[in-house]
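# Architecture and fold: a report
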Amino acid sequence: MASNYLMQAVQEYENFIQVHGIDEFVIDAYIEACKVAINGEKDIEYGLRLTERSKGIIERFCMDKTGGTIWDLDYYQFKHETTPYDLLDKYLNIYKLESHYRFESFMIFMEKNRAPWERFYLPRQNPLKQVADLIQDLYDDKLDEGMVFMPSRVGKTQIVKMGNLWFGSNRPERSNLYSAHSDKITGGFYDGICEMMTDPTYTYAEIYPENVAKKIYTDGKDLTIDLVRKKTYPTFTCRSIYGTLNGACDCDGLGIYDDLFSGIDEALSEDRQNTVWGKFDNNYMPRMKPGKAKLIGIGTRWAPKDVQGRRLELLQNDPEYAGIRHREIIIPALDENGESNFDYPYKLGYSTQDYKRRVASFENNDDMASWLAQYQQEPIERKGQMFNVDTMNFFNPAEIEEVRPDRIFAANDPAYGGGDFVSMPICYEIDGEYYVLDAVYNDGDKEITIPEVTSRIESHLDKFPNKTAEVHFEETKSTSSYRTACEKIWEEDGYPVNATHDPADNKTAKMDRIKNHAPDIRKLHFVDMKHQTKEYRKYFQNILSCTYEGKMKHDDGVDSTAQLCDMIYSPKRRKRKEKRTQGTKRKK
């Protein structure tokens, strides 16, 4: 614990700042306090609070004196090859103090001697900070396992490589294991670790002088690295998923599995999926030391039953895995607004236009399923797939924005949470064509979904005065109150909504209805991929995941769409609708 003397001194610095503002004297005093707390008194938690405060006062001082940020000063120094700025050196050395304890600080200090446009992490900090935080939480024992899903060539392997080096350098007696689909990939990972430890443009020797002084043992043939001393199980082992793992590694540090499929052809083969899963589950996972090893899977999602998908299924649904603390980072190429998530500065990433060109190429080849999997991280089960984006109809909502629909109607498949989704596609009939313009797709409880269902219908009626909407509920005795609650809100709010209902079908009857209506679902017009909201995309993804075998975790989206087709094509429903239309007086 920090001494009273140190804490009193820090309080005096704060008092000085209150009266006199920030100057170089108080900056130096604060930095010295950081060193005393971390290196002297070993109160890491308090010391890290001081380093955070120290960085804050330097940033403020820099802005007041120069009118720019500390990173603007950093860029200017490299751009104009000026003499190093003392203030910048002080600032970066605070990251050095933090680097054994904070992964992000380790990366920033490691690259401080590189020009801003040649660095890896800072230009990619948004969005890769999510991955940095995941690695930090694994190290701090707040998580047991993590997964990172992103498109290719955006930095996911490099940041995990730096995380692997950080894990092993802090705990050199522990063994860390990296595995990928080929020796070439694992060899590249090994070379990257060696480069970061020995290349003078990195500052590894400044952060871990004791590791360098005691020797680094490398073996380019076996792809192993030992820190401090040569051990039975090396600090770092890199081995392909098809290589020999028995006796090679007993991982009690960080285990990494990275893109275990060589490409899409292998990933879509059911035989290869089973083979690779067998290698992973039977050869790789037994190398993880229970209770000690942390596990992280990285890659591009190829198919629902790729290795990450099967592992995720266990973590999310198998009660035996309920105690494993896990987090998944999923970052698609394009966000919900159709903008690139990886448009890094210095032209290091991919612009929105770059990705839209890729979309156009996939569209031209009638292979949007591959775009969704490889770039959007939304894999689709292609074997026995009932619906394919290449044979469905899409529209831009702007095309019908000013058109008054002949009919507004929706099918509601209610649920009370617990993992099931309330699904309600909202459809416009215009000149005999049917446009699914909107969808509620939410797994919250009724306190969340009932207001969402009712307000969403009201928002569509607000666009068209004197228009009536019809909402059909499929319900059981236990969900009838859901409909009546919605009816009550619509009545109180003064909206003309005809709520109807039918008993829910059993599982077999549901699938029969979905199969019967499959041709009708393909006739519907869905919002195109570029204009789908995040919620709508989840709803549509559920439709695409439907197979003829009917093996689905959730069928709420596709089932509610089949209900919607019932409202369009069922003779019984059409007659009922005609009678209601004739007898209903619309509220003003």
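Residues numbered from 1 in each chain as written. Predicted model: local features only at pLDDT ≥ 70, side-chain atom pairs only at ≥ 80, totals over all residues. Heavy atoms only, no water.

### Describing the overall build of the protein chain
In terms of helices and strands, the protein chain carries 22 helices and 15 strands. Summarising its shape, the C-alpha atoms of the protein chain cover approximately 85 × 65 × 45 Å along the three principal directions. Relative to its full complement of 588 residues, the protein chain shows a buried share of 54%. A sequence separation of at least 24 residues applies to 70% of the contacts in the protein chain between residues at least 6 apart. Of the roughly 27,000 Å² that the protein chain leaves accessible, carbon and sulfur atoms contribute 47%. The positive charge centre, built from 81 side chains, and the negative charge centre, built from 97, are 3 Å apart in the protein chain. (Helix = DSSP H or I, 4+ residues; strand = E, 2+ residues; numbered from the N terminus. Buried < 20%, exposed > 50% of the residue type's maximum accessible area, 1.4 Å probe, protein only. Contact = heavy atoms within 4.5 Å. Areas by Shrake-Rupley, 256 points an atom, 1.4 Å probe, with all protein chains shown as cover. Lys, Arg positive; Asp, Glu negative; His and termini not counted. Charge placed at Lys NZ, Arg CZ, Asp CG, Glu CD.)

### Side note on the confidence of the model for the protein chain
Caution applies to low-pLDDT regions: their predicted coordinates should not be interpreted in detail. When pLDDT is averaged along the protein chain, the result is 91, and 95% of the positions lie at 70 or above. Predicted confidence for residues 579–588 stays below pLDDT 50, and this span has eleven contacts to residues more than four positions away or in other chains. (pLDDT = per-residue confidence, 0-100.)

### Describing helix 15 (residues 352–364)
The terminal C-alpha atoms of helix 15, which comprises 13 residues, lie 18 Å apart, in line with the 18 Å expected from a rise of 1.5 Å per residue. Considered for burial, the residues of helix 15 that qualify are Thr352, Tyr355, Val359 and Phe362. Taken down its axis, helix 15 places every buried residue within 85° of arc, on the same side. Exposed residues on helix 15 whose side chains face more than 90 degrees from its buried face are Arg357 and Asn364. Elements that come into contact with the buried residues of helix 15 comprise helix 16 (368–374). (Expected span 1.5 Å × (residues − 1). Arc of directions from axis to C-beta.)

### Section: the state of the cysteines
Counted by the stated rule, this structure contains zero disulfides. Lacking any disulfide linkage, Cys546 is separated from the closest cysteine sulfur, that of Cys565, by 12 Å. When its relative accessible area of 0% is taken as the criterion, Cys546 is described as buried. The cysteine Cys565 is free of any disulfide, with Cys427 supplying the nearest cysteine sulfur at 8.4 Å. (Disulfide = S-S within 2.5 Å.)

### Considering the sheet that holds strand 3 (residues 216–219)
Pairing within the open sheet is mixed, and its eight strands lie in the order 3-4-5-2-6-7-1-8. Strand pairing shows two members of the sheet lacking a second neighbour, strand 3 and strand 8 (326–330), which therefore form its edges. Pairwise comparison of adjacent strand axes, ignoring direction, gives a mean angle of 10° for this sheet. The sheet strands contacting helix 14 (residues 307–317) are strand 1 (145–149), strand 6 (254–258), strand 7 (294–299) and strand 8, and the helix crosses strand 1 at an angle near 140°. (Pairing = 2+ DSSP bridges. Axes fitted to C-alpha atoms, helices over the stretch in contact; angles between N-to-C directions.)

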